[in-house]
Amino acid sequence: MNETIDDHALERAYTAVSDTYKGTGDIHAACRQARAESPIFVGDFIRQFGVPTNAGMQQGTRPTFALFRHQDVMTVLRDASSYTSGFIAEGLGAFFDGLIVLAMDGEQHRSVRALLQPAFMPETVNKWRDQIDAVIRKDFLEPMVGLKKADLMEFGLGFPIREMYALMGFPTDNTEQYRQYAAWALAMVGGNQIDPAKAVEARRNAGIAVKLLYEAIFAVVVQRRAAGSAGDDLIGRLLRAEHEGRMLDDHEVATFVRSLLPASGETTTRTFSSVMVLLLTTPGLLERVRADRALVPKLIDEAVRFEPVATFKVRETAKEVQFHGVTIPKGSFVQCMVASANRDEEVFEHPDVFDIDRRTKLSFGFGFGPHMCIGQFVAKMELNCAVNALLDLFPNLRLDPDQPAPLIEGAQLRGAAHVHVLWD
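An unreviewed UniProt entry lists the protein chain under the name Cytochrome P450, with Massilia jejuensis as the source organism.

Spelled out as structure tokens, the structure:
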């Protein structure tokens, strides 16, 4: 295995993924128009934005429909038997070379989820709060205090990866090493490329990343088993767990962990970017939240509704179904437009207004149903600690007027590339 560490590999990989999924057009405007004109779109609604879906190379190969309303998206996401995810194994999952939780259906998904879930539940995550908070403050923010200015996305890219890799059980004393792991994980996501000019190179890089990341994780798993498989982290739990009446072998543990890594850092990074942009640009909000930290969870939840990282999710119909008088054949793709459902006028009053005081209602920023984001409690904890630490350590935090205003963008994987700030 190549042990050479590239200091900027993570930043390049993150930017490459952002560019792949940025697309063209205003997805919120397109969804608003679609909701007004028809509750169902017959055809590939995503094609207009020029971004990949998790169907990978299968995109466009079978009947495709899009749904926009809150109730319809909830109906599909909650019913994993009628609307399946197995196709992801040949799409985005092709770059994971094995077990990928996102692509599992039925009993296999239930049993694997039961193995993984305990490490991510609030009672486990809450034990990590002090450690998460200490890492954010001491390792990231306190050394920055004297700078008086920064692009917050340099911090935003680093801290979720550091925290999640520790939760999973990786040694975190070698910063460059786990940042390299994260770069490989992102390269796997970047392999889902629809631009013919970039596809060959992206898939080649994804294939290399799959192999290198597996070898790195496998070495950690072998080492941890030899040391007694102890620890409350994910690797320790998987080494001790039973699956279908037997213990998992090292290959299965390594493959499960690898399938979780691409989402473990960058989605929190993107959510952090939107949280901070909305906090810093909504009139009067920064002062309110600084004075009343009980508002931080509401800030995070409303940001996830207003600007979900994943703007859509795709499912395959396991049987013929009907929506609004339209028959969707078995084997079709259904694009669930999360960005639309989260702004459905029938559910959310003034949905295009960012309002942390709105009455809490179900939104789909972390998904819904059996495939709901397994790491959402970790992400919310990390974000909560990050916002509080920034407000504590950076007096009079504000946008830098000499830098371009931050922009939340992306037809998929939405977020801001830069958030330039000053403080006193």
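Moving on: the overall build of the protein chain. Looking only at helices and strands, the protein chain features 15 helices and 14 strands. Every one of the 424 residues in the protein chain was classed for burial, and the buried ones make up 59%. A fraction of 73% describes how many contacts in the protein chain between residues 6 or more apart in sequence connect residues 24 or more apart. For the protein chain, the exposed area adds up to about 17500 Å²; of that, 54% sits on carbon and sulfur atoms.

Structurally, the position occupied by Asp 392 is in helix H15 (residues 376–393). By relative accessible area, which is 41% here, Asp 392 ends up partly exposed. Sequence-distant contacts of Asp 392, defined by excluding residues within four places in its chain, comprise Arg 137 and Arg 293.

Adjacent strands of a sheet pair through backbone hydrogen bonds, lying either parallel or antiparallel. Taking strand neighbours across the sheet as the criterion, the five strands line up as E1-E2-E10-E7-E3 in an open arrangement whose pairing is mixed. Two strands close off the open sheet at either side, each with one partner strand: strand E1 (40–42) and strand E3 (83–84). Relative to strand E10 (residues 333–336), strand E7 (residues 313–317) runs antiparallel, the two sharing four bridges. Looking at E10, one finds that Glu 316 is bridged to Phe 333.

Turning next to the sheet that holds strand E11 (residues 398–399). Reading across from one edge, E4-E14-E11 is the order of the three strands in this open sheet, with antiparallel pairing throughout. Edge strands, defined here as strands with exactly one partner in the open sheet, are strand E4 (149–151) and E11. The strands that helix H7 (residues 152–168) touches are E4 and strand E14 (420–422); relative to E4, the one it contacts most, it runs at about 55°.

Right, let's get into unusual backbone geometry. In this structure, Lys 148 takes a positive phi of about 65° despite not being glycine. When you line up the elements, Lys 148 lands in the loop between helix H6 (129–141) and E4. Even without being glycine, His 324 reaches a positive phi, approximately 50°. Tracing the backbone through its elements, the reader meets His 324 in the loop between strand E8 (321–323) and strand E9 (326–328).

This next bit is on the packing of helix H1 (residues 9–22) against H7. Here H1 crosses H7 at 100°, and the two axes come no closer than 12 Å. Put simply, H1 runs roughly perpendicular to H7. Across the interface between the two elements, Leu 10, Glu 11 and Tyr 14 of H1 pack against Met 153, Leu 157 and Ile 161 of H7. Class assignment for the residues of the contact of H1 with H7 results in five nonpolar, no polar and one charged.

Residues Phe 155, Phe 170, Val 257 and Phe 272 are the most contacted members of the largest nonpolar core, which totals 101 residues. Formed by 17 residues, the second largest nonpolar core is a distinct cluster that contains Leu 67, Leu 77, Val 321 and Phe 364.

Relative to each other, H1 and helix H8 (residues 175–190) sit at 20°, their axes nearing to 8 Å. As summarised for this structure, H1 and H8 are arranged roughly parallel, according to the angle between their axes. At the point where H1 passes H8, the crossing takes the left-handed sense. When H1 is examined against H8, the residues Ala 9, Leu 10, Glu 11, Ala 13, Tyr 14, Val 17 and Tyr 21 are found in contact with a partner set consisting of Arg 179, Gln 180, Ala 182, Ala 183, Leu 186, Val 189 and Gly 190.

Moving on: the pattern of salt bridges. By the definition in use, this model includes 24 salt bridges. Here Arg 62 makes a salt bridge to Glu 316, at a shortest N to O gap of 2.8 Å. Taken together, the residues Arg 62 in the loop between E1 and strand E2 (64–67) and Glu 316 in strand E7 connect sequence positions 254 residues apart. Residue Arg 62 is classed as partly exposed on the basis of its relative accessible area of 22%. Given a relative accessible area of 18%, Glu 316 falls into the buried group. Put simply, Arg 204 and Glu 201 hold a salt bridge, and the shortest N to O gap is 3.3 Å. Residue Arg 204 and its partner Glu 201 are located together in helix H9 (residues 196–226), separated by three residues, close to a single helical turn.

Moving on, we come to the pairing of E10. Side-chain alternation along E10 places Phe 333 and Gln 335 on one buried face and Val 334 and Cys 336 on a second face that is also buried. In terms of strand pairing, E2 meets E10 through four bridges, oriented parallel. Bridged to Leu 67 within E10 is Cys 336.

Now for the environment of Met 276. Looking at where Met 276 falls in the secondary structure, it is placed in helix H11 (residues 250–281). Here the alpha-carbon distance between Met 276 and Leu 383, two residues 107 residues apart in the chain, equals 9.9 Å. Each residue touching Met 276, except ones within four places of it in the same chain, is listed here: Leu 152, Val 387, Leu 390 and Leu 397.

What follows concerns H15. Over its 18 residues, H15 runs 26 Å from end to end, which matches the ideal 26 Å to within 8%, given 1.5 Å per residue. Where burial is concerned, most of H15 is hidden: 15 out of the 18 residues are buried.

Right, let's talk about the confidence of the model for the protein chain for a bit. Across the protein chain, the average pLDDT comes to 86, with 88% of residues at or above 70. The low-confidence segment residues 1–5 (pLDDT under 50) makes 10 contacts with residues lying over four places distant or belonging to another chain.

Where burial is concerned, most of helix H13 (residues 296–306) is hidden: eight out of the 11 residues are buried. Buried residues of H13: Val 296, Leu 299, Ile 300, Glu 302, Ala 303, Val 304, Arg 305 and Phe 306, and no others.

With that out of the way, let us pick up the packing of aromatic side chains. Counted by the stated rule, this structure contains 15 aromatic pairs. Measuring from centroid to centroid gives 5.2 Å for Tyr 165 and Phe 170, while their planes differ by 40°, and the two rings are tilted. The two residues Tyr 165 and Phe 170 agree in class, both being buried. Where Phe 394 meets Trp 423, the ring centres are 3.9 Å apart and the plane angle is 10°; that geometry is what we call stacked. Linking Phe 394 in the loop between H15 and E11 with Trp 423 in the segment after E14, this pair joins segments that are 29 residues apart in sequence. For Phe 394, a relative accessible area of 0% translates into the label buried. You can call Trp 423 buried: its relative accessible area is 3%. A connected cluster of aromatic rings, assembled from ring pairs, spans Phe 41, Phe 45, Phe 49 and Phe 68. Sitting above the plane of the Phe 348 ring, Arg 305 keeps its charged end 5.3 Å from the centroid.

Basis of the calculations
Residues numbered from 1 in each chain as written. Predicted model: local features only at pLDDT ≥ 70, side-chain atom pairs only at ≥ 80, totals over all residues. Heavy atoms only, no water. Helix = DSSP H or I, 4+ residues; strand = E, 2+ residues; numbered from the N terminus. Buried < 20%, exposed > 50% of the residue type's maximum accessible area, 1.4 Å probe, protein only. Contact = heavy atoms within 4.5 Å. Areas by Shrake-Rupley, 256 points an atom, 1.4 Å probe, with all protein chains shown as cover. Pairing = 2+ DSSP bridges. Axes fitted to C-alpha atoms, helices over the stretch in contact; angles between N-to-C directions. Parallel < 35°, antiparallel > 145°, perpendicular 65-115°, else oblique. Nonpolar A, V, L, I, M, F, W, Y, C, P; charged D, E, K, R; others polar. Core = buried A, V, L, I, M, F, W, Y, C linked by side-chain atoms within 4.5 Å. Left-handed = near helix turned anticlockwise from the far one by under 90°. Salt bridge = Lys/Arg side-chain N within 4 Å of Asp/Glu carboxyl O. Expected span 1.5 Å × (residues − 1). pLDDT = per-residue confidence, 0-100. Phe/Tyr/Trp six-rings, centres within 6.5 Å; stacked < 30°, edge-to-face > 60°. Lys NZ or Arg CZ within 6 Å of the ring centre and 35° of its normal.

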